[in-house]
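Residue-level listing of the chains:
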Amino acid sequence: MTPQNKNLLIAGVVIALIIGIMSPYIASTNPDGLEKSQQQINPNFKEPGYYKAPFSDYTVSELGNNPFAGIVALIIGILVVLILVYLVAWIIKRRNLRETSK
Amino acid sequence: MHIPDGFIPLWQTPIYFAIALVALFFAFRWAKNNLDERNIPLLAVLAAFIFVMMSINIPIPWGTSGHMVGAAMVAIIFMSPWAGVIVIALVLLIQGLFFGDGGITVLGVNILNMGIVGSFVGYYGFKGLRKPLGKVPAIAIASWAAIFLGACLAAVELWLAGIFPLGLGLTFMGLYHAVIGVLEAIITVVVILGIEKVRPDLLAWNKKTDQRNLQSEPSMDVKAK
């Protein structure tokens with residue numbers, strides 16, 4: 001990786017982490033556009049909820065009901081997404097290189 | 001704009017998964033031919049940025065809130081809707097699996113609304129409007145339309161799922177997301193102009209210009225000789 005790209009990666013992750021740390025303090029607790037529409041049009045509807053995610057509502061519930069629980073969840077998410085997308089893209093590129101070199 | 005798990009009847013979900021899988025097939029084919037060492041870090045960083053921006057619900061009028069999606073942003077930066085499809089699909093997968101935003105059974109429909117519609121409307125909107133309106137208005141209108149049209153499609157899907165009547169669904173979803181789209185437009189313009197200032201080489205439209213300039217240089221040399 002070139003130094004320029006390393007700087008891009010570091011700067012991007014730092015920006016994402018700063019936003020993530022600020023998020024619990026600035027995010028609105030109001031329902032989003034879709035949930036609000038559903039509440040207004042069909043308030044009796046209850047979602048069945050087929051699957052329970054470990055960090056529901058972007059919170060690590062084991063850490064209690066405080067902003068820190070949200071910050072930790074977001075930091076985990078940022079790093080998982082970053083690594084997953086990087087890995088998927090890298091694997092696709094490697095496969096392409098192998099195919100073209102044959 | 002994530003449709004939560006359970007909103008779409010299970011028998012309808014394979015239709016949306018099929019559409020998403022076809023789009024992902026073409027998206028991976030694009031990635032195979034277009035990703036390189038220079039733009040992979042950018043793709044990963046944009047995905048991380050989009051993940052965190054999707055988690056922040058910004059308050060808008062009428063007691064509701066909204067977040068950016070970012071599909072149009074990625075599609076415009078990479079000048080390909082397939083780049084947006086890949087990023088949004090992977091972000092939605094993580095959000096559904098770990099954070100309960102969206103969900104697993106609705107992954108296909110959410111990829112369609114945010115990833116596919118968002119990326120295609122963003123990319124073709126920008127491409128079509130750039131010449132007549134200029135770069136910034138084209139980015140703003142395309143990214144606004146990406147949110148608005150994705151929300152309208154979600155209203156239609158929720159009508160098919162029996163959650164909303166069509167008229168009311170389109171009215172409320174359209175109204176709220178017309179405002180949320182303004183946030184999307186502002187953030188998209190700021191991010192793209194920021195990248196253009198700091199690393200213009202990362203924007204695909206500059207790459208194409210560079211290649212054209214490089215291709216034209218040898219012929220100029222020949223003429224000079």
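In case you missed it, the structure is sitting above this.
Since the model is a prediction, treat every value here as computed from it, not as a measurement.

Chemist: Which parts of the structure should I look at to understand the nonpolar core?
Modeler: Soluble, globular proteins show a tendency: their nonpolar side chains are buried together. Residue and element names in this part refer to chain B. Membership of the largest hydrophobic core comes to 100 residues, with the highest contact counts inside it found for Ile3, Leu43, Phe51, Met73, Ile77 and Phe78. It is helix α2 (residues 40-55) that contributes the most residues to this core, 14 residues altogether. Those residues in contact with Met73 that lie beyond four places of it in its chain are Leu46, Phe49, Ile50, Met68, Thr188, Val191 and Ile192.

Chemist: Can you help me understand the interface of chain A and chain B in this one?
Modeler: Put simply, an interface is often sized by how much accessible area is lost when its parts join up. Facing the 54 residues of chain A at the interface are 63 residues of chain B. Between chain A and chain B lies a buried interface of about 5100 Å² when both sides are counted; carbon and sulfur atoms form 72% of it. When the area that chain A buries against chain B is broken down by residue, the three leading residues are Leu34, Ile41 and Tyr58 of chain A, summing to 14%. There are one salt bridge connecting chain A and chain B. Among the salt bridges present, the one from Lys93 of chain A reaches Glu37 of chain B, with a minimum N-O distance of 3.6 Å. Applying the counting rule to chain A against chain B returns eight residue pairs in polar contact (both at pLDDT 80 or more). When residues of the side of chain A that touches chain B are traced back to their parent elements, those giving at least two are α1 (3-26), α2 (33-41) and α3 (67-101) of chain A. Broken down by element, the side of chain A that touches chain B gets its largest block of residues, 17 residues, from α3 of chain A.

Chemist: I would appreciate a short explanation of helix α6 (residues 135-160) of chain B in the present structure.
Modeler: For an α-helix, 3.6 residues make a turn, and residues three or four places apart therefore share a direction. An ideal rise of 1.5 Å per residue puts 38 Å on 26 residues; α6 of chain B measures up with 37 Å between its terminal C-alpha atoms. Once α6 of chain B ends, the next one or two residues include Gly162 of chain B, with phi positive near 85°.

Chemist: I keep staring at the layout of surface pockets and nothing clicks. Help me out?
Modeler: With a probe scaled to a water molecule rolled over the atoms, the places where space remains empty come into view. Each pocket or cavity is described by its volume, and for the largest pocket that value is around 1100 Å³. If you trace the largest pocket, you find 40 residues lining it, with Glu35, Ser56, Asp57 and Tyr58 of chain A together with Asn57 of chain B closest to the centre. Elements represented by at least two residues in the lining of the largest pocket include exactly α1, α2 and α3 of chain A together with α2 and α4 (81-99) of chain B. Along the lines of polarity and charge, the residues of the lining of the largest pocket split into twelve nonpolar, 21 polar and seven charged. The calculated volume of the second largest pocket comes to roughly 450 Å³. Along its surface, the second largest pocket is lined by 17 residues, and Leu8, Gly12 and Ile15 of chain A together with Val191 and Ile195 of chain B are the ones closest to its centre. If you list the elements that add at least two residues to the lining of the second largest pocket, you get α1 of chain A together with α2 and α7 (166-198) of chain B.

Chemist: Sorry if this is basic, but what is going on with the packing of aromatic side chains here?
Modeler: The way to describe two aromatic rings as a pair is by their centre distance and the angle between their planes. Residues and elements named next belong to chain B. Considering all chains together, one arrives at 14 aromatic pairs over all chains under this definition. Summarising the aromatic geometry, the rings of Phe25 and Phe26 are spaced 5.3 Å apart at their centres and angled 80° between planes, so their arrangement reads as edge-to-face. Aromatic pair Phe172 and Tyr176: ring centres 6.0 Å apart, planes at 40°, arrangement tilted. Highlighted residues: Phe172 and Tyr176, both in helix α7, separated by four residues, approximately one helical turn. We classify Phe172 as partly exposed; its relative accessible area is 21%.

Chemist: Quick question: what am I supposed to make of the environment of Tyr50 of chain A here?
Modeler: The residue Tyr50 of chain A is located in the loop between α2 and α3 in this model. Take Tyr50 of chain A: its relative accessible area is 42%, and that puts it in the partly exposed class. The contacts of Tyr50 of chain A, once residues within four sequence positions are left out, are Asp5, Gly6, Leu10 and Thr105 of chain B.

Chemist: Just to check I follow, could you spell out the side chain of Thr13 of chain B for this structure?
Modeler: By the secondary structure assignment, Thr13 of chain B is in helix α1 (residues 13-34). Here Thr13 of chain B is in contact with Ile8 and Thr105 of chain B, once residues within four sequence places are set aside.

Chemist: Help me understand the side chain of Ser23 of chain A in this model?
Modeler: Locating Ser23 of chain A in the fold gives a position in helix α1. The exposure class assigned to Ser23 of chain A is buried, which follows from its relative accessible area of 3%. Residues in contact with Ser23 of chain A, not counting those within four places in the same chain, are Leu74 of chain A together with Ser55 and Ile56 of chain B.

The rules behind each value
- Residues numbered from 1 in each chain as written.
- Chains lettered and ligands numbered in written order.
- Predicted model: local features only at pLDDT ≥ 70, side-chain atom pairs only at ≥ 80, totals over all residues.
- Heavy atoms only, no water.
- Core = buried A, V, L, I, M, F, W, Y, C linked by side-chain atoms within 4.5 Å.
- Buried < 20%, exposed > 50% of the residue type's maximum accessible area, 1.4 Å probe, protein only.
- Helix = DSSP H or I, 4+ residues; strand = E, 2+ residues; numbered from the N terminus.
- Contact = heavy atoms within 4.5 Å.
- Buried area = accessible area lost by both parts, 1.4 Å probe.
- Salt bridge = Lys/Arg side-chain N within 4 Å of Asp/Glu carboxyl O.
- Polar contact = N/O pair within 3.5 Å; in protein donor to acceptor, adjacent residues only side chain to side chain.
- Expected span 1.5 Å × (residues − 1).
- 1 Å grid on protein atoms, 1.4 Å probe; cavity = no way out; pocket = protein on both sides within 12 Å on 5 of 7 lines; lining within 4 Å.
- Points joined across faces, edges and corners; volume = space filled by probe spheres on them.
- Nonpolar A, V, L, I, M, F, W, Y, C, P; charged D, E, K, R; others polar.
- Phe/Tyr/Trp six-rings, centres within 6.5 Å; stacked < 30°, edge-to-face > 60°.

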